[in-house]
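Structural overview for review
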Amino acid sequence: MNPEALILAIILLPLFGMFGIITSRNHPNIREAVTLITASLVAILVVSLAIQFMDGNDFAVTIAEPIPGLSIAFKVEALGMLFALVAGLLWLVTSIYSIGYMRGHKEKNQTRFYAAFALAISCTMAVAFSANLFTLFLFYELLTLSTYPLVTHAGTDEARRGGRTYLGILLGTSIGLFLLGILVTWFVAGTLDFQQGGILAGKLDPAWAGLLYALFLFGIGKAAIMPFHRWLPAAMVAPTPVSALLHAVAVVKVGVFTLLKVTIYIFGSDFILSNDITGGLIWVAAATILFASMIAMTKDNLKARLAYSTVSQLSYITLGAMLASKAGLMGASMHIAMHAFAKITLFFAAGAIFVATHKKLVSELDGLGRAMPITFTAFFIATLSIIGLPPLGGMWSKWYLGLGAVETGQLLLVAVLMLSSLLNIAYLLPIPIRAFFSKPASGSHYTEITEAPKTMLLAMIITSITCVILFFYPDPLYQLATLATGGS
Amino acid sequence: MDFFISHYNYWIVIFLMMVGLYTVINRGNLIKKIIGLNIFQVSVFFLYISIGTVKEGAAPIITEGVKLYSNPLPHVLILTAIVVGVATTALGLALVVRIKESYGTIEEDEIHEMDHSL
Amino acid sequence: MGNHISLLLVVIPLIAAPIVAVLPRGRLPWLATLIITFICAVLASSQLWMVLNDGVISYELGGWAPPWGIEYRIDAVNALVALIVAAIAAITLPYALLSAEKEIPQQQIPLFYSAFLLCLTGLLGITQTGDLFNVFVFLEISSLSSYALISLGRNRQALTSAYQYLIMGTIGATFFLIGVGLIYSQTGTLNMQDLAKLLPELAHLKTVHTGFAFIMIGIALKLAMYPLHLWLPNAYTYAPSVVTVFLAATATKVAIYIMLRVLFTIFPNDFLLATPTYDIFILSGMAAIIIASIYAIYQSNIKKLLAYSSVAQIGYIALGIGFASSKGITAALVHLFNHALMKAALFMAVGAIIYRIGSCNMKNINGLGKQMPWTFGAIVIAGLSLIGIPGTAGFISKWYLVTAALEQQAWISVAVILFGSLLAVIYIGKLIEALYFKPVTDSNQSVQEAPLLLLVPLWVLVCANIYFGLDTSLTVGVAEKAADVLGVINTSSISGVMNK
């Protein structure tokens, strides 16, 4: 397949899948088969694209040009490739998982769920391959809109309230701040194309550049920087597969991915470093890391705790982006992947617990470990990866982030990272420990509870093993991250 | 004082204009509003007609021995405007009739009250 | 033939109007009107094509040479506006058949189509003529027929709204007339080109200033520029759905066109800079965007919600005019076009809902999105366009408007424009939430999707909303040309004014 067609195929396939899902709405088995086939095809295509890209092929395609100089165009570059790889592979895993979850939980409106899900993936892929900020913004907004039905899936008052917060914050920040940032960039630089080394250097006074960066930082609401993080916990009313893929991988990673793109290809790391553009803003990310971790400790609802953990982990990436040094950016890029695999495992486990036991609270999990050993083992592995302990993938990204902080001489930030790791231990590790070693509240061990459906277990096993593999074999990620940060 | 007298046509126009507008704004009776609107429009007709006059000019009909004519164009324009005004009045009155039929009153405040109580 | 297009555009619907009125009841009047509007649309598009290729068309009515005779003068600006009017009329008409049968008493239907054609005559006439007094005449033709059209609404409030509109509209028209008279008393001409030549010499006269002010207020009333918009919400709310679709998409747009003409063709730039005109436009635009949008949020009648949103959208156009740069004018013209598309689509969708459930109150539409998926989809897409989500037409106009504002470093305006989009998110979100996420009420259980004859025109507009969001060579291309024709203006001298 020629390169252009390959990009388009990756973006359009989920879309066709969506129509297939809608037309086969009366036959759940065919519908699920369509989902699985589409997801597998996308995964295969993404991997083959990655292989061709690593061989040095260039991929670019322009769709339309609504405003002279502003086109809807796609282009593959390292960072986008890395992100697409993560999203594509995890969609397949999540599809396997969600079939078990949706059936096990007997959800209503499953067709709408799968259709919106496919649409969201299509948008995510388009974001990953965007060749300019305009295209990226277009699909960023479409992603928000296509995930709205997923968030409000339950249709209850609570879901609607959550949906309102979700849409309000994401659309509000993107229109009010992000779009403004894009417009200012367009006005100053006369282009929005992502270019190695940035497009703003020399065209903008550094003081104003700091302000512009702030517009992006807060405007990209999907990166969940405080105080615009509220949508993420609110979105947890969604079914767990949605929380798993979208709110641990696709949507939130689109946010930090956008921020990284803006940092590397719009501002340019040299421009940022030499003018200390992000000097003050970086503390916002540091504060988000710490506060979100502390809030996570107070949450008894498992998904809420994971959500705040995500907020905190996202700010690692934001922090790495704002360090703008090579190691910082490397760490941030790799953390996109590392955190994705770990956090999706945690959500899978949470969903499995919910389907098997209908328990949502951390305090109810005592003693469940024996009844659901696979689930909690997976949870444990992922926890270690989030904390950043070897032999798990999470260690690498934290390593580079710490290195970046040292490199730029920000020792206080190193302290923040270390403190945060301690907090991670404090809010995540007790969960599997209590499950395995505490006695249930009733005093006797669970006998009536068994593991969740097999497809769910399979998904969890795949992702948790990947966490381990990524420790020993982070090479593809490392190469892509190196390419993205401009090294060779 | 000369200024006032020499511009007497404008004073008349302004006076009528104000009377008309005031009636439209102040009266609650729908018919009276239309009367006010008419007075307002007529004042504009006067304005046009009076600015068309040329001092010492004769009526614009070609006559031997007359060199200076008044400008006929504003008068022609105002013929059109009068037609428009008549049409507006007719439509307005027709509406008032329909309003009276469905509300039973043509007082503005009573109509408002009836709509709000619905 | 080619030379007569501009006249034919006015004469054909004018002659057709009385004929339609006496046609027998049934569907014949509709068919006749449909054919007429399609002819007009074809003529208008060929006219635009001719103007773009061959430049300005000048047509002397009855062979009288301007400035004595009436001249029809067509350049890119009015050719564009004429096309908008004619095209919207042609799209509205297929929709009109069922919607009008539902909402208008049987015996009045021929009269309805007759009034519709008269309104079309007036609106097209305004766009064609190059004579200021002629503008007044056509303005009144369109206004009188639209009062009549509005009064055909089902509720009795339609009568009071039409009456209110009549009073306000007539005051506006009379103000315009006073202004024209005062200008005429100083220049002795009514031809726009001639005025443009003569006025620079006379710009210092108080009479010219007074006349200018009267004309501005007169037109501002007609185009519902904030705070002279009070007639609009009720008129749009209680008019029959078809009428609302047509008027919302065209009537105010044509008034905006006259405004542009008067400002940029007739009056010299120095004159305008000596007056606070542009500041007033910017202030009024900002106030409209914020206040009218907030009003829209609190409406429980959907048509009224959209009507207030129209007032806000007119505010965007006023802002574009107020920037007085070629980017600003381009933005205003593009938004004029795009807003016609999105508002027509939204009002059509609401009309489809009224067709099915006979009401357009928020509390009666709960859950209808599932019963009427196509109508609902149209509302979503047109609503996104209204908000200005990229990929839709609305985004393009917002984009140009904000770049125009950035060019002048008018940061407050930028903030207001973006804030306005957020408010639009709220009111469109409210609508969508009620339609889709609230449980279906019992009375709505058996509601079906609207008939095809309503859906097809609706979706034509919806697709246009997307198409013009991706390919702007027509809209922006023509608008830029039009902005050149209007010949604006050095931006530097006024940027200081904006920058406070």
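The structure contained in this document is the topic of the report that follows. Since we're looking at a predicted model, the values are computed, not measured.

The rules we used
Residues numbered from 1 in each chain as written. Chains lettered and ligands numbered in written order. Predicted model: local features only at pLDDT ≥ 70, side-chain atom pairs only at ≥ 80, totals over all residues. Heavy atoms only, no water. Contact = heavy atoms within 4.5 Å. Buried area = accessible area lost by both parts, 1.4 Å probe. Salt bridge = Lys/Arg side-chain N within 4 Å of Asp/Glu carboxyl O. Polar contact = N/O pair within 3.5 Å; in protein donor to acceptor, adjacent residues only side chain to side chain. Helix = DSSP H or I, 4+ residues; strand = E, 2+ residues; numbered from the N terminus. Nonpolar A, V, L, I, M, F, W, Y, C, P; charged D, E, K, R; others polar. Phe/Tyr/Trp six-rings, centres within 6.5 Å; stacked < 30°, edge-to-face > 60°. Buried < 20%, exposed > 50% of the residue type's maximum accessible area, 1.4 Å probe, protein only. Lys NZ or Arg CZ within 6 Å of the ring centre and 35° of its normal. Axes fitted to C-alpha atoms, helices over the stretch in contact; angles between N-to-C directions. Parallel < 35°, antiparallel > 145°, perpendicular 65-115°, else oblique. 1 Å grid on protein atoms, 1.4 Å probe; cavity = no way out; pocket = protein on both sides within 12 Å on 5 of 7 lines; lining within 4 Å. Points joined across faces, edges and corners; volume = space filled by probe spheres on them. Expected span 1.5 Å × (residues − 1). Bend = angle between axes of the 7 residues up to and from the residue.

**What to know about the interface of chain B and chain C**
By a frequent convention, interface size equals the accessible area lost on bringing the separate parts together. Taken together, the contact between chain B and chain C spans 35 residues of the former and 29 residues of the latter. Carbon and sulfur atoms supply 79% of the area that chain B and chain C bury against each other, a total of about 2,800 Å² over both sides. Of all residues in chain B, Tyr48, Leu91 and Leu95 of chain B bury the most surface against chain C, accounting for 18% of the area lost on that side. One can count zero salt bridges joining chain B with chain C. Here chain B and chain C share six residue pairs in polar contact (both at pLDDT 80 or more) between them. Every element with two or more residues in the side of chain B that touches chain C is listed here: helix H2 (8-26), helix H3 (30-52), helix H4 (73-103) and helix H5 (108-117) of chain B. Take the side of chain B that touches chain C: its biggest share by element is 16 residues, from H4 of chain B. A per-class count over the side of chain B that touches chain C returns 26 nonpolar, six polar and three charged.

**Things to note about the interface of chain C and chain A**
Counting residues at the interface gives 27 residues for chain C, matched by 29 residues for chain A. At the boundary of chain C with chain A, total buried surface from both sides reaches about 2,500 Å², with 79% on carbon and sulfur atoms. Contact with chain A buries area across many residues of chain C, yet Trp399, Leu418 and Phe437 of chain C alone supply 27% of it, more than any other trio. Across the chain C-chain A interface, the total number found is one salt bridge. At the surface where chain C touches chain A, the tally comes to one residue pair in polar contact (both at pLDDT 80 or more). Listing elements by their share of the side of chain C that touches chain A, those giving two or more residues are helix H16 (373-387), helix H17 (393-407), helix H18 (411-437) and helix H19 (452-470) of chain C. Counting residues per element, the side of chain C that touches chain A draws most heavily on H18 of chain C, which supplies nine residues.

**Some words on the packing of aromatic side chains**
Scanning all chains against the criterion turns up 43 aromatic pairs over all chains. Consider the rings of Trp396 of chain A and Phe471 of chain A, whose centres lie 5.6 Å apart with planes at 20 degrees: the pair is stacked. Here Trp396 of chain A is found in helix H16 (residues 394-407), whereas its partner Phe471 of chain A is found in helix H19 (residues 454-472), with 75 residues between them in sequence. Residue classification places Trp396 of chain A among the partly exposed positions, given a relative accessible area of 24%. Clustering of aromatic rings is evident, with ring pairs tying together Phe134, Phe137, Tyr140, Phe178, Trp186, Tyr213, Phe216 and Phe267 of chain A together with Phe395 and Trp399 of chain C. We note Lys398 of chain C situated over the ring of Tyr316 of chain C; from NZ or CZ to the ring centre the distance is 4.7 Å.

**A short note on the packing of helix H3 (residues 76-103) of chain C against helix H20 (residues 475-486) of chain C**
Residues and elements named next belong to chain C. It is the contact of H3 with H20, at a shortest axis distance of 8 Å, that shows an interaxial angle of 135 degrees. When the axis of H3 is compared with that of H20, the two are oblique. Residues Ala76, Val77 and Leu80 of H3 form the contact with H20, whose own contacting residues are Val478, Lys481, Ala482, Val485 and Leu486. Each residue belonging to the contact of H3 with H20 can be placed in one class, and the counts come to seven nonpolar, no polar and one charged.

**What to know about empty space enclosed by the protein**
One pass over the structure, following the stated rule, counts eight cavities of 30 Å³ or more. Estimates place the volume of the largest cavity at around 110 Å³. In terms of residue class, the lining of the largest cavity is made up of nine nonpolar, four polar and one charged.

**Quick look at the layout of surface pockets**
When its volume is computed, the second largest pocket comes out at roughly 970 Å³. Listed by contribution, the elements that provide at least two residues to the lining of the second largest pocket are H2, H3 and H5 of chain B together with helix H6 (157-187), helix H8 (206-222), helix H9 (231-238) and helix H13 (302-323) of chain C. Its residues assigned to classes, the lining of the second largest pocket shows 20 nonpolar, eight polar and four charged.

**Quick word on the environment of Gly285 of chain C**
Residue and element names in this part refer to chain C. Structurally, the position occupied by Gly285 is in helix H12 (residues 277-297). For Gly285, a relative accessible area of 0% translates into the label buried. Here the alpha-carbon distance between Gly285 and Ala90, two residues 195 residues apart in the chain, equals 30 Å. Excluding its chain neighbours within four sequence positions, the residues that come into contact with Gly285 are Gly315, Ala318 and Leu319.

**Considerations on H3 of chain C**
Residues and elements named next belong to chain C. With 28 residues, H3 should reach 40 Å at 1.5 Å per residue; the first-to-last C-alpha distance of 37 Å fits that figure. Of all the bends in H3, the greatest measures close to 50 degrees and is centred on Ala96. Burial analysis of H3 places 24 of its 28 residues in the buried class, the great majority of the element. The N-terminus of H3 is capped by Asp75, whose side-chain oxygen sits 3.1 Å from the backbone nitrogen of Val77.

**As for unusual backbone geometry**
The residue after Met226 of chain A, namely Pro227 of chain A, is reached through a cis peptide bond having omega 10 degrees. Mapped onto the secondary structure, Pro227 of chain A falls in the loop between helix H7 (206-219) and helix H8 (231-234). The omega angle of the peptide bond from Tyr226 of chain C to Pro227 of chain C is 0 degrees, so this bond is cis rather than trans. For Pro227 of chain C, the position within the fold is in the loop between H8 and H9. Phi at Ala224 of chain C takes a positive value of approximately 60 degrees, unusual for a residue other than glycine. Structurally, Ala224 of chain C is set in the loop between H8 and H9. Residue classification places Ala224 of chain C among the buried positions, given a relative accessible area of 0%.

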